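Residues per chain are reported as follows:
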Amino acid sequence: MASISPPNQDSRRVFPRGIWAAVVMCMVCLAIVAVGVYASDGAPAAGTYSYDEFETPEFCGTSCHTDLYVQWTQAMMSHAYTHHWDEIEYFELAVPHAEKDEKVAEVKAGCNGCHSPLAYLNGGFPPPRPAENSRANESVSCEVCHNITGITQDTAYNFNFVWDPGDTKYGPRATGESPAHEMAKSEFLATTELCGGCHNEKSPYGVWVKSTQLEWLEGPYAEEDVRCHDCHMTYGKMATASMGPVYDDARLHLFHGAHDKGKLRGVVEIRLYPDIQEAVPGDRVKFTVTLFNQKTGHKFPTGSVEDRLVWLHLEATDADGTVYHLPVDKKGFEGEEYTIGDSVLAYQDMGIALDRPNFEGVQRDGIPVGDRIFRMPYFDPQGRMTIQQWNTASLGVDYRFAPRETKVETYTFDIPFEVPAGELTVTAKLNYQLLVKPVADFLDVPAEESEPFVVNEQSTTLTILP
Ligand code: HEC
Ligand code: HEC
Ligand code: HEC
Ligand code: HEC
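Residues numbered from 1 in each chain as written. Chains lettered and ligands numbered in written order. Predicted model: local features only at pLDDT ≥ 70, side-chain atom pairs only at ≥ 80, totals over all residues.

**Let's talk about the site of ligand 4**
Spelled out, the test is: Here, nearness means that the C-beta atom of a residue, built from backbone geometry, sits within 6 Å of the molecule or strand in question. The way it works is that DSSP assigns letters per residue, a run of H or I at least four long becomes a helix, a run of E at least two long becomes a strand, and they are numbered from the N terminus. Gly counts as polar in this scheme, as do all residues outside two lists: the nonpolar Ala, Val, Leu, Ile, Met, Phe, Trp, Tyr, Cys and Pro, and the charged Asp, Glu, Lys and Arg. Each domain's extent was defined by an automatic or database domain assignment.
Taken together, the neighbourhood of ligand 4 is formed by 25 residues, with Cys111, Cys114, Glu201, Gly303 and Ser304 sitting nearest. For the shell around ligand 4, the secondary structure elements donating two or more residues are α4 (84-100), α5 (107-115) and α8 (192-199). In the shell around ligand 4, the residues fall into 12 nonpolar, 9 polar and 4 charged. A domain split of the shell around ligand 4 shows at least three residues from each of domain 1 (36-251) and domain 2 (266-464).

**A short note on the confidence of the model for the chain**
Just so we agree on the cut-off: Scored between 0 and 100, pLDDT is the confidence that the predictor attaches to each residue. Our contact criterion uses C-beta atoms placed from the backbone: two residues qualify when those atoms are within 7 Å.
Averaged over the chain, the pLDDT score is 92; the fraction of residues at 70 or greater is 92%. The model gives residues 1-36 a pLDDT under 50, and that stretch makes 31 contacts with residues more than four places away or in other chains.

**Considering the sheet that holds strand β19 (residues 406-414)**
Note on sheets: strands pair through backbone hydrogen bonds, and any given pair is parallel or antiparallel. For the record, the criterion: By this definition, two strands are paired if DSSP reports at least two bridges between them. Axes here refer to lines fitted to C-alpha atoms; in helices the fit is confined to the stretch in contact. Angles between the N-to-C directions go from 0 to 180 degrees.
Taken in spatial order, the 3 strands of this open sheet run β9-β11-β19, and their pairing is antiparallel. Among the strands making up the open sheet, the edge pair consists of β9 (268-274) and β19. If you compare each strand with its neighbour and ignore which way they point, the axes differ by 20° on average. In this structure, β9 lies alongside strand β11 (residues 284-293), joined through 7 bridges in antiparallel fashion. Bridging across to β11, Val268 finds its partner in Asn293.

**Here we look at the site of ligand 2**
Inspection of the region around ligand 2 gives 26 residues, with His65, Cys142, Cys145, Pro172 and Ala190 positioned closest. If you list the elements that add at least two residues to the shell around ligand 2, you get α2 (57-61), α3 (66-74), α7 (142-145) and β8 (246-251). Classifying every residue of the shell around ligand 2 gives 17 nonpolar, 7 polar and 2 charged.

**Things to note about the domain arrangement of the chain**
Domain assignment breaks the chain into domain 1 (36-251) and domain 2 (266-464). Between the C-alpha centres of domain 1 and domain 2 there is a distance of 33 Å. Contacts between the two partners involve 29 residues from domain 1 and, on the opposite side, 25 residues from domain 2. Residue assignment for the side of domain 1 that touches domain 2 shows that the elements contributing at least two residues are α4, β6 (208-211), α9 (212-217), α10 (220-223) and α11 (228-232). Here the side of domain 1 that touches domain 2 takes 9 residues from α4, the largest share from any one element. Among the residues making up the side of domain 1 that touches domain 2, the classes are represented as 17 nonpolar, 6 polar and 6 charged.

Right, dumping it as structure tokens:
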């Protein structure tokens, strides 16, 4: 098994013949079974195609598809390989971990299957660091989506794509003429499976660690045929090529998501009310908060759920300006402790890659203790919480917002005796963070990745009688 090396540049596409071919194929299959399930059946292996078979995004975008190109350069998919947090996680955690642990060995190549598909097809892992400016930096480029013609299995996940590189580019219309390439109409590009091939991921332990397209499939938007494209590639009047016609329904390449504050703002609506209008110090009052997910076509948060934090913070301010923090009422469901801010330590498995076998971990949440968190915890094979999705062996309670779901939280507050007469103002804030702050600080991820952002807020008042 150890003697089998991945196909190199020279042997690419050369199919081995004879009995040795059968023996080698057999051993490759055994190797795949032994190390896990990361790469999918039927999709081209690492090393199948070289960079030379694909154009650069600059080729497509600088003179012809100018608007779509600029839109794409502003989207995270054009930074999927170069973005600082991706670089840190791949080079400092995933690669060293893959080199030490046979079970996750495949991710050294496999991360690139979605973050830099042409680098994956080209082979050679890890690819050069982003600072070296190799073609790996192209990330999820034009040529990726416009040369994929389908998926190899019923369910889209782990880059299980059928590729057809060459002069023909697949698109939604194929009515015009291009001096640069042939065109063919693709029904596949309009399906959510195109997105699902990268937006659904199974860990080497066989656990769904990303399931955006699967979440969409079981929600109301799939039934209404409102696809990923309708919210992330919206239709506007524009020319899609500099010398081509203006279409009323040009497919804008916005791909805006959690890194776009406008997209995040107002995802969830909040209403907040007390059960009584007037109270005296010492009274018990119950605040009810209703939270309606009006905007996402999948769960919120989705995608990199192991990194994201969405939490609700309630504060009461009395007439003198004194602030009281209100912890959420417990509901009593299994695993609820993971959905309430705590100061416990977690993420000890980062120690594997960092050569710190007894690493004690960092704070699990880094938010006020007692705040409600809308999340789903990921657990490593030892049952500890992890942000390493490739090292995920099981999942905990799913307390995220489903599409169009309304969650109801209550906060019981015993009004302190020192509260003066006058108005007591209570504010509920729903916060969002791309990456758990103690993890970001520990790994030196730039601060913008862990800055809290207010998705929505609402206030109500209660009159305190003397
Ligand atoms: C009804 C509109 C709607 C539909 C349909 C929809 N999305 Fe979203 N999506 C959103 C909104 C709003 C956000 C921003 C909030 C968030 O991060 O979840 C978002 C966020 C995202 C994110 C960012 C998540 C993160 O944490 O970085 C990804 C990725 C994404 N969507 C992919 C998809 C895919 C793939 C599909 C189709 C399977 C899809 N979306 C369908 C509205 C939609
Ligand atoms: C993540 C996948 C993805 C990437 C990356 C991508 N596209 Fe597209 N592109 C699509 C999809 C999906 C459609 C529309 C399919 C549909 O609606 O049927 C499309 C449509 C188009 C169209 C036709 C638009 C129209 O309205 O007729 C052009 C031209 C195009 N893309 C060019 C590009 C260029 C140039 C780039 C790189 C700068 C690029 N695409 C990157 C997925 C992608
Ligand atoms: C070849 C793999 C691939 C395909 C196909 C793909 N994506 Fe992505 N997408 C990614 C990766 C990788 C990221 C993460 C980028 C990063 O590192 O932050 C991403 C990120 C995103 C985001 C998050 C942006 C943000 O602000 O956080 C959205 C939205 C998104 N993709 C939408 C789509 C939609 C819609 C489709 C289908 C039309 C699609 N993607 C197809 C790989 C892919
Ligand atoms: C099956 C496709 C796929 C594979 C394989 C994959 N990723 Fe991703 N990755 C994505 C997508 C899609 C997103 C965006 C999800 C979202 O927006 O939350 C993402 C997001 C991320 C993010 C967060 C980016 C951000 O901007 O917040 C990091 C970091 C990351 N991936 C690293 C890795 C590493 C390291 C590996 C290998 C162990 C890996 N990924 C394997 C598809 C993949």
